[in-house]
Amino acid sequence: MMGERRIGQEALFYEFSLERHVPAEHLLRSIDRFVDLDGLRRELAPFYSEMGRPSIDPELMIRMLIVGYCFGIRSERRLCEEVHLNLAYRWFCSLGLDGAVPDHSTFWKNRHGRFRESDLLRRLFETVLQRCIDERLVGGEGFAVDASLIRADASDRTRVKGTAGLPPGAAGRAVEEYLAVLDDAAFGAASEVTPKFIAPADPATRWTAAHRGPAFFAYSANYLIDVDNAIIVDVEATTAIRQAEILAAKRMVDRSMESFDLCPTRLIGDTAYGAAEMLNWLVDDRGIEPHIPMFDKSQRTDGTFSREDFTYDHAGDTYRCPAGQTLQHYRRRFTTPRTGVPNDNLIRYRASTHDCGPCPLKSRCCPKAPVRKILRSIHEGARDLAREIAKTEAYLTSRRQRKKVEMLFAHLKRILKLDRLRLRGPNGARDEFHLAATAQNLRKLAKLIPAPAPIPAM
């Protein structure tokens with residue numbers, strides 16, 4: 001028999017508990033164990049007045065932002081609606097059933113005010129990272145670094161040519177931030193090359209076609225991770241250019257050493273970090289093994305001898321060719337010894353015409369030149385170490401571990417939905433990247449450290 005909906009008299013009183021209605025296996029239950037904001041409240045206290053009406057609780061706003069970035073809720077207006085309706089979100093934010101959800105405009109005011117002035121989001125990231133270290137999820141021996149392009153909130157329809165500069169009427173917060181970072185090596189000073197196009201709405205972005213498709217305006221999200229459990233050790237926002245990404249890698253390594261006493265023995269990266277200057281910085285300045293493929297154009301493909309066929313003598317600072325002749329830096333004596341470094345950081349070693357002319361191997365060495373010339377970087381010692389490391393089993397392991405940082409970027413874009421920024425300007429990109437990295441570390445904590453089993457009722 002077909003059932004019939006029966007409408008009963010509404011009860012006068014209800015007994016309802018959010019604690020019982022949030023499943024034990026819910027992600028927010030696992031994350032809540034690792035969210036400790038007491039220290040952040042104390043740091044934020046000087047930025048609030050002792051007089052006037054009580055403000056919105058900053059811990060509530062931070063918890064709501066964590067919810068938004070953990071579950072890919074990109075709009076703050078929609079975030080407020082979801083927290084209002086979702087019982088698990090209300091439980092995590094300690095709102096209860098009748099707690100008022102703040103207006104979405106509150107986030108905008110605090111982000112551009114107290115949060116940014118106190119560097120709160122950076123401190124939030126560091127607090128979660130410290131918890132990861134305390135839980136022994138960070139080994140501190142092997143780090144991997146990489147960068148990924150994140151599309152900026154800038155339309156290509158309003159772009160202007162870089163040679164023309166910003167339009168006279170360009171104004172706004174993003175323009176002010178761009179002018180403030182013109183001398184920063186991670187943004188305006190990253191390259192002397194004039195960009196092809198500029199976005200008036202967010203001029204700090206970079207017009208790029210690195211994805212081998214249609215060009216777009218983008219920022220770079222730079223991650224430094226510990227390869228043991230893929231914990232994000234540091235994050236940096238830069239303009240989308242290689243020089244800025246290398247600088248970001250150096251800054252992140254230094255910060256991890258200074259702030260958390262993490263001194264890695266090896267750094268894993270792709271070819272973008274294989275420049276001679278970067279390798280020298282790792283080896284000579286920081287004592288870190290570079291597990292990084294190099295930029296190396298010394299190998300010849302026309303059948304003639306490559307540089308590896310020549311033997312370098314460290315004591316005499318000379319090269320020995322396959323025929324046994326010597327290639328020297330200077331072939332005549334100077335009254336004042338020359339010790340300068342060329343502008344391109346390459347030292348040139350040349351053979352003698354008396355040796356190369358009658359040599360039977362000349363056709364295989366320098367058939368189109370009177371003498372053979374070898375170029376050697378002033379940082380060749382670090383490059384030699386990188387070459388030796390590339391022949392080891394540990395290097396092959398590092399190549400596999402490097403995929404962990406790429407997987408984090410895939411998770412960032414596909415699961416957390418951060419494939420396009422909502423905030424403009426360098427500070428906006430920095431805020432979004434810090435919140436996303438914090439969410440990823442919290443999700444990793446929840447996954448790797450299971451919640452204790454509930455104690456059964458007696």
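The structure under discussion appears in the preceding block.
Throughout, a residue's number is its position along its own chain's written sequence, starting from 1. Reporting in this predicted model follows two pLDDT cut-offs: at least 70 for local features of residues, and 80 or more for side-chain atom pairs to be given and counted; totals over whole chains, interfaces and linings ignore these cut-offs and use all residues. Heavy atoms from the whole structure form the basis of all side-chain values; hydrogens and water molecules are not counted.

Peer 1: I keep staring at the layout of surface pockets and nothing clicks. Help me out?
Peer 2: The rolling of a water-molecule-sized probe over the atoms marks out the regions of remaining empty space. Of the grid points, spaced at 1 Å and generated over the protein atoms alone, those admitting a 1.4 Å probe that cannot get out make up cavities, while open sets with protein on both sides within 12 Å along at least five of seven lines make up pockets; any residue with an atom within 4 Å of a point is treated as lining. Grid points are joined across faces, edges and corners, and a volume is the space filled by probe spheres set on the points. Counted as a void, the largest pocket has a volume near 640 Å³. Residue lining of the largest pocket: 29 residues in total, with Lys297, Ser298, Arg307, Leu346 and Leu375 positioned closest to the centre. By residue number, the principal contributor to the lining of the largest pocket is strand β13 (residues 373-377), which donates five residues. Reported here for the second largest pocket is a volume of approximately 430 Å³. Around the second largest pocket, the lining comprises 18 residues; the ones closest to its centre are Asp146, Ala147, Leu149, Ala210 and Glu245. In terms of residue count, strand β1 (residues 142-151) provides more of the lining of the second largest pocket than any other element does, four residues in total. Looking at the lining of the second largest pocket residue by residue, the classes come out as eight nonpolar, four polar and six charged. What counts as a helix is a DSSP run of H or I of at least four residues, what counts as a strand is a run of E of at least two, and both are numbered from the N terminus. Residues were grouped as follows: Ala, Val, Leu, Ile, Met, Phe, Trp, Tyr, Cys and Pro as nonpolar; Asp, Glu, Lys and Arg as charged; and all remaining residues, including Gly, as polar.

Peer 1: Can you walk me through the sheet that holds strand β11 (residues 326-327) in this structure?
Peer 2: Each strand in a sheet pairs with its neighbour through backbone hydrogen bonds, running either in the same direction (parallel) or in the opposite one (antiparallel). One requirement defines pairing of two strands: DSSP has to find at least two bridges between them. Pairing is antiparallel in the open sheet, where three strands are placed in the order β9-β10-β11. The open sheet has two edge strands, β9 (311-313) and β11, and neither has a second partner. Examined bridge by bridge, strand β10 (residues 318-320) and β11 share two bridges and lie antiparallel to one another. By the bridge assignment, Tyr319 is partnered in β11 with Leu327.

Peer 1: I tried to follow the pairing of strand β6 (residues 231-239) on my own but got confused; where do I start?
Peer 2: Every regular strand shows the same layout, with side chains that alternate between the two sheet faces. Each residue gets one of three labels from its accessible area relative to the maximum for its type: buried under 20%, exposed over 50%, partly exposed in between, using a 1.4 Å probe on protein chains only. Across the nine residues that make up β6, a large majority, nine, are buried. Relative to β6, strand β5 (residues 216-226) runs antiparallel, the two being bridged by eight bridges. Across the sheet, the residue bridging to Ile225 is Ile232, located in β6. With antiparallel pairing between neighbouring strands as the criterion, β5 and β6 make up a hairpin whose turn holds four residues, including Ala230 at a positive phi of roughly 60 degrees.

Peer 1: Quick question: what am I supposed to make of the environment of Leu421 here?
Peer 2: By secondary structure assignment, the location of Leu421 is in the loop between α16 (403-414) and α17 (425-448). As a C-alpha pair, Leu421 and Arg364 span 57 residues in sequence and 55 Å in three-dimensional space. Note on definitions: a residue-residue contact is assigned when non-hydrogen atoms from the two residues lie within 4.5 Å. Those residues in contact with Leu421, other than ones at most four positions away along the chain, are Arg74, Ile150, Arg151, Ala152, Asp153, Tyr219, Ala429, Glu432 and Phe433.

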